[in-house]
Amino acid sequence: MAHAAPLATGHHDCRNAWVATLEALAEADPRICAVVNDSVGSSKLGGFQKKFPERLINVGIAEQNMVGVSAGLANGGRIPFVSAASCFLTGRALEQIKADIVYAGFNVKLIGQSSGIAYGELGPTHHSIEDFAWLRVLNGLTVIAPADPWETAEAVKWAAAHEGPVYIRLSRMPVPDLDVPNRVFRPGFAEVLHAGSDLAIIANGTTAHLALAAAQGLAAAGISARVLNMATLNPLDEAAVLAAAETGAIVTVEEASVRGGLGGAVAELTSAHQPVPVERVGFPGFVPTGSVDYLFEKFGLSVAGITAAARRALARKR
């Protein structure tokens, strides 16, 4: 397993990596286009629109139409990247995603922007904490939550080359780069950020670096915590989860509802095949209006919160 991966200094917006990668891909492949719901600015697609004005389709605030248009583009041989706030993309257009894209098997790439609670002050109508639960049950849809800009760029490149529907979940909250030696992006496989044998912490997206920092703090207290970056939620790396269960305790951490998301997936698998205590760190349901920092702290998505969950999980080990 990999050694501990130190966190680099500085935080970066993964949306910058997404647009830079998309523009580079579009330069090389004329089939690539973007479809938006009046979200050019929030998707950071202004530069793409200037470079490829004929390849950006803005349907207005009509998410169901947006997904339907993308299905038609894919059916015509294009590779559409559909970019919109994840709360509206996966909520308003869920039926179209299910029937028009995934069931039909169309080659559409869904980019859920400002996911989780990035729109904290706008409240539950704009929070996107249910998307994992809605989408991971759709067979054939690859669901990816990148942890940093490098992983974001690699996920976009992989999605463009992959034949089939993909959902990439991006946040507007800056995150640090993960300094992992010899890093390779492998969809469907967990990435070991920290070796450990006393328990395992499984995280993704904006919480991966917090899980790593918690593990490094636990190490100072003599507790060996394995950290997995489970960037791909569907398909789940079941082998890595069951191997993590061999430590005797698991903590899951996600900027999402603990019902049906990463925590739900891990609990389902381990309860059926290798029961161990699973502490799920995330949101229990609708969360109040508030800043991102406030909501992360209140619901335990912090180094202290993850550390406390790890100690609870250890106390439950048989």
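Look up: the structure comes first, before these words.
One structure accompanies this document, and this report is about it. Predicted model, so just to flag it, every value in this text is computed and none were measured.

1. Quick notes on the pairing of strand β4 (residues 109-113)
Moving on, step 1. β4 sits mainly inside the fold: 5 of its 5 residues count as buried.
Moving on, step 2. The alternating pattern of β4 places Lys109, Ile111 and Gln113 on one face and Leu110 and Gly112 on the opposite face, and all of these are buried.
Moving on, step 3. Where strand β3 (residues 79-85) lies against β4, 5 bridges are found, and the strand directions are parallel. If you follow Val82 over to β4, its bridge partner there is Leu110.
Moving on, step 4. Relative to strand β6 (residues 166-169), β4 runs parallel, the two being bridged by 4 bridges. By the bridge assignment for β6, Lys109 is matched with Val166.

2. Remarks on unusual backbone geometry
Moving on, step 1. The omega angle of the peptide bond from Asn234 to Pro235 is 0°, so this bond is cis rather than trans.
Moving on, step 2. Checked against the element boundaries, Pro235 lands in the loop between β10 (232-234) and α9 (238-245).
Moving on, step 3. Unlike most non-glycine residues, Asp38 shows phi in positive territory, near 65°.
Moving on, step 4. Position of Asp38 relative to the elements: it lies in the loop between β1 (32-36) and α2 (46-51).
Moving on, step 5. If you check the backbone angles, Lys44 has positive phi at about 60° while not being a glycine.

3. Side note on the pattern of salt bridges
Moving on, step 1. Inspection of the entire model under this criterion finds 13 salt bridges.
Moving on, step 2. We note a salt bridge from Asp148 to Arg183, for which the minimum N-O separation is 2.8 Å. Taken together, the positions of Asp148 in the loop between β5 (142-144) and α7 (149-161) and Arg183 in the loop between β6 and β7 (191-194) put the pair 35 residues apart, joining distant regions of the chain. For the residue pair Asp148 and Arg183, the accessibility class agrees, reading buried in each case.
Moving on, step 3. The residue Glu279 makes a salt bridge to Arg316 at a minimum N-O spacing of 3.0 Å. With Glu279 in strand β12 (residues 278-283) and Arg316 in helix α12 (residues 303-316), the pair connects residues that are 37 residues apart, well separated along the chain.
Moving on, step 4. Accessibility expressed as a relative area gives 14% for Glu279, which makes it buried.

4. Notes on helix α8 (residues 208-220)
Moving on, step 1. With 13 residues, α8 extends 19 Å between its outermost C-alpha atoms, agreeing within 8% with the 18 Å of an ideal straight helix rising 1.5 Å per residue.
Moving on, step 2. For α8, the elements touching its buried residues are β7, β8 (199-203), β9 (225-229), α11 (292-298) and α12.
Moving on, step 3. Immediately downstream of α8, the backbone of Gly222 shows phi near 85°, a positive value.

5. Here we look at the sheet that holds β1
Moving on, step 1. Overall, mixed pairing links the 7 strands, which are arranged β2-β1-β3-β4-β6-β5-β10 in an open sheet. Both edges of this open sheet fall to β2 (56-58) and β10, since each of them pairs with a single strand only. Recorded for the sheet is a direction-independent mean angle of 20° between the axes of neighbouring strands.

Parameters at a glance
Residues numbered from 1 in each chain as written. Predicted model: local features only at pLDDT ≥ 70, side-chain atom pairs only at ≥ 80, totals over all residues. Heavy atoms only, no water. Buried < 20%, exposed > 50% of the residue type's maximum accessible area, 1.4 Å probe, protein only. Helix = DSSP H or I, 4+ residues; strand = E, 2+ residues; numbered from the N terminus. Pairing = 2+ DSSP bridges. Salt bridge = Lys/Arg side-chain N within 4 Å of Asp/Glu carboxyl O. Expected span 1.5 Å × (residues − 1). Contact = heavy atoms within 4.5 Å. Axes fitted to C-alpha atoms, helices over the stretch in contact; angles between N-to-C directions.

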